[in-house]
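What follows is the residue order along each chain.
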Amino acid sequence: MAQALLNPETVDKVSAIRDEYVKAYRYMLLARVLDDKYASLYRMGKIHGGVFLGRGQEALSVAVGLALRKGDVFAPLIRDAAGRLAFGETVLDAVRTYLGSALGPMRGRDGNVHRGHPQAGLLPMISHLGAMISVVNGVLLAHRFQKVGQTVGAACIGDGATSTGAFHEALNQAAVERLPLVVVIANNQYAYSTPTSRQFACRSLVEKAAGYGMAGHEVDGTDLGACLSVVGHAVQQARSGAGPQMVVAELLRLCGHGEHDDAGYVDPRLKSSPLGRDCLKVAEAELLRRGWADAAGLASWRSEMVQLVEAAVAQVQREPGPDPYREDWCALASRHLAEGHTYS
Ligand SMILES: Cc1ncc(C[n+]2csc(CCOP(=O)(O)OP(=O)(O)O)c2C)c(N)n1
Ligand SMILES: [Mg+2]
């Protein structure tokens, strides 16, 4: 073992794993700090509309964002702040959308989570309940027709979405067409207040993969290392032509459906079970255990993220909202906007 550790290739591999883990943790931390800031702005009445957080789902989400690369397509959902950041979304884009800045990607016309950059492969979400999977299929089919090879599309979805017709149709199509789709299901045990026992009757959602004729993978969504490895493998499989992949992660939503919901219906037994572990704390313990960070390092990363988020919020709070007299109200998908129109 000691000899194996001295092998330069092994050392390189260990450093690559450490670098990836640290990078992922830092995005998770940034997402958590950002989510906490939205929650406090919401309570101060500074955000109009809903606030939807991804507490407890950062490990899974970041693994998706990091497994993708330039040219890929990503359809994140309401709990994917970490994945969005890892895929390249800026904190400014996120804050501008939540605060309705005209300088944001949706120009202040669409709130909270309905934001994206289609040109960069980041799809603005339509709905949480399965609508985005077939949009990703469409992009992947377009890539095929245009002979753009080696791209992967990832669609994140919740357990509740697996009960919808949109989910079924999209997965069936992806399997029949052998699309390089990775559908990532965050089984956070509730669809709003509906527990999984009222949503599906199979043992695990991963059993559904076989029915569609696609590969299925299960992962502990509270374990960052496991998420990086399982999601990374699924993306690699899709990229290498193995057809669509389903990843099912088990975890618990550590917040309400939105900030308007106190989640009083969540079973306390789930909270104290392994599913109720906070993936951020689990990752911190792992960083310390492996000697990849110490307490002072963790604290300084946190203050770095807090400063980043506070600076973005302070900047965006000084920006204008949309001006109804100058706004042309044309669809954001219109050609000149898709090609990078700026509000002037
Ligand atoms: C067709 C449709 N029905 C209902 C809703 C309202 N709605 C939004 S999210 C949600 C629950 C989603 O649960 P799940 O898929 O488990 O995702 P989670 O919120 O747990 O991440 C509901 C009922 C909707 N957006 N669209
Ligand atoms: Mg759910």
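Once a new chain begins, its residue numbering starts again from 1 and follows that chain's sequence as written. Here chains are named by letter from A upward and ligands by number from 1 upward, in the order in which they appear as written. Where totals are concerned, whole chains, interfaces and linings use all residues; where local detail is concerned, this predicted model gives features only for residues with pLDDT of at least 70, and gives and counts side-chain atom pairs only at 80 or more.

Student: What am I meant to see in the overall build of the chain here?
Tutor: Helix and strand content of the chain: 13 helices and seven strands. It is over C-alpha atoms that the radius of gyration is taken, and the globule rule equals 2.2 Å times the number of residues to the power 0.38. In terms of overall size, the chain behaves like a compact globule, its C-alpha atoms giving a radius of gyration of 20 Å where 344 residues would be expected to give roughly 20 Å. Here the C-alpha coordinates of the chain stretch approximately 70 × 50 × 45 Å along the principal axes. Comment: burial labels come from other C-beta atoms within 10 Å of the residue's own C-beta, placed from the backbone, where a count of 20 or more is buried, 12 or fewer is exposed, and between is partly exposed. Within the chain, buried positions represent 45% of all 344 residues. This entry defines residue contacts through backbone-placed C-beta atoms, with two residues in contact when those atoms are within 7 Å. Taking the contacts inside the chain whose residues are at least 6 apart along the sequence as the reference set, 74% of them involve residues at least 24 apart. Working definition: helices are DSSP H or I runs of at least four residues, strands are E runs of at least two. Numbering for both runs from the N terminus.

Student: Hey, could you run me through the nonpolar core in this one?
Tutor: As a rule of thumb, soluble globular proteins bury nonpolar side chains together. Counting 96 residues, the largest nonpolar core has Met28, Ala63, Val184, Val231 and Val247 as the members making the most contacts within it. Among the elements that make up this core, the one with the highest residue count is helix α2 (residues 8–43) (11 residues). Residues contacting Met28, with those up to four places away along its chain left out, are Glu58, Ala59, Val62, Ala82, Leu280 and Ala283. For the purposes of this analysis, a nonpolar core is taken to be any set of buried Ala, Val, Leu, Ile, Met, Phe, Trp, Tyr and Cys residues that are connected through C-beta atoms within 7 Å.

Student: Explanation requested: the site of ligand 1 in the structure shown.
Tutor: Here, nearness is defined through the C-beta atom: a residue counts as near a molecule or strand if that backbone-placed atom lies within 6 Å of it. Around ligand 1 sit 15 residues, and of these His128, Leu129, Gly158, Gly160 and Ala191 come closest. Among the residues making up the shell around ligand 1, the classes are represented as six nonpolar, six polar and three charged. Three classes are used: nonpolar for Ala, Val, Leu, Ile, Met, Phe, Trp, Tyr, Cys and Pro, charged for Asp, Glu, Lys and Arg, and polar for all others, with Gly counted as polar.

Student: Could you clarify how one ought to interpret the packing of helix α6 (residues 131–145) against helix α7 (residues 165–176) in this entry?
Tutor: When two helices pack together, their arrangement is given by the angle between their axes and by how far apart the axes lie. Throughout, an axis means a line fitted to C-alpha atoms (over the contacting stretch in the case of helices), and angles, computed between N-to-C directions, take values from 0 to 180 degrees. Viewed as axis vectors pointing N to C, α6 and α7 meet at an angle of 25°, and their least axial separation amounts to 7 Å. Relative to α7, the element α6 lies roughly parallel. Both α6 and α7 take part in a crossing whose hand is left-handed. Facing Ala131, Ile133, Ser134 and Asn137 of α6, the residues of α7 in contact are Ala166, Phe167, Glu169, Ala170, Leu171, Gln173 and Ala174. Residues belonging to the contact of α6 with α7 are distributed by class as follows: seven nonpolar, three polar and one charged. Any angle from 65 to 115 degrees is called roughly perpendicular, while one under 35 is roughly parallel, one over 145 is roughly antiparallel, and all others are oblique. Crossing handedness follows the turn of the near helix against the far one: under a right angle anticlockwise gives a left-handed crossing, and clockwise gives a right-handed one.

Student: Which parts of the structure should I look at to understand helix α12 (residues 295–316)?
Tutor: Given 3.6 residues to a turn, an α-helix orients residues that are three or four positions apart in the same direction. The end-to-end C-alpha separation of α12 is 32 Å, in line with the 32 Å expected for 22 residues at 1.5 Å each. When we look at burial in α12, the residues that qualify are Met305, Val309, Ala312, Val313 and Val316. Down the axis of α12, the buried set is contained in an arc of 100°. They therefore lie on one face. Opposite the buried face of α12, by more than 90 degrees, sit the exposed residues Ala296, Ala299, Ser300, Ser303, Gln307, Glu310 and Ala314. Summarising the contacts, the buried residues of α12 are in contact with α2 and α5 (91–98). Helix span, as expected, comes to 1.5 Å for every residue beyond the first. Note that the arc is defined by the directions from the helix axis to the C-beta atoms.

Student: Would you take a moment to explain the sheet that holds strand β7 (residues 245–250) for this structure?
Tutor: Pairing between the strands of a sheet is mediated by backbone hydrogen bonds and can be parallel or antiparallel. A sheet is described by the order of its strands in space; here five strands give the open sequence β1-β2-β3-β7-β6, paired in parallel fashion. The sheet terminates laterally at β1 (73–75) and β6 (215–220), the two strands that pair on one side only. Strand-to-strand twist in this sheet, taken as the mean axis angle between neighbours without regard to direction, amounts to 15°. Bridge count between strand β2 (residues 153–158) and strand β3 (residues 181–187): six bridges; the pairing is parallel. When the sheet's bridge partners are listed, Gly158 is paired in β3 with Ala186. Against the sheet, helix α3 (residues 58–67) makes contact with β1, β2, β3 and β7, and its axis sits at roughly 170° relative to β3, the strand it touches most. Where α6 meets the sheet, it contacts β1, β2 and β3, and its direction lies at approximately 175° from that of β2. In short, DSSP must find at least two bridges between two strands for them to pair.

Student: How should I be thinking about α5 in this particular structure?
Tutor: A large share of α5 lies buried, amounting to seven of its eight residues. Residues of α5 that are buried: Val91, Asp93, Ala94, Val95, Arg96, Thr97 and Tyr98. If you follow the buried residues of α5, they end up packed against α2, α4 (81–87) and α12. Where α5 terminates, the next one or two residues include Gly100, which has phi positive at roughly 70°.

Student: What is the right way to read the packing of α2 against helix α11 (residues 279–289) from this model?
Tutor: Put simply, α2 and α11 touch, their axes get as near as 11 Å, and they point 145° apart. Between α2 and α11 lies a crossing of left-handed hand. Side by side, α2 and α11 meet where Tyr25, Met28, Leu29 and Arg32 of the first sit next to Leu280, Ala283 and Leu287 of the second. Looking at the contact of α2 with α11 residue by residue, the class counts come to six nonpolar, no polar and one charged.

Student: Is there a simple way to explain the pairing of β2 in this structure?
Tutor: Looking down a regular strand, the side chains alternate between one sheet face and the other. Counting buried residues in β2 gives six out of six residues, a clear majority hidden from the surface. Burial along β2 is two-sided: Gly153, Ala155 and Ile157 and Ala154, Cys156 and Gly158, pointing in opposite directions, are all buried. Across three bridges, β1 lies against β2 in parallel orientation. Note on β2: the bridge partner recorded for Ala75 is Ala155. Look down the strands so they point away from you; if going from the first strand over the helix to the second traces a clockwise path, that crossover is right-handed. Read as a crossover between parallel neighbours, the route from β2 over α7 to β3 is right-handed.

Student: How should I be thinking about unusual backbone geometry in this particular structure?
Tutor: Peptide bonds are, in most cases, trans, and in most cases residues other than glycine have a negative phi. Although it is not a glycine, Gln150 adopts a positive phi angle of roughly 65°. Phi at Arg178 takes a positive value of approximately 50°, unusual for a residue other than glycine.

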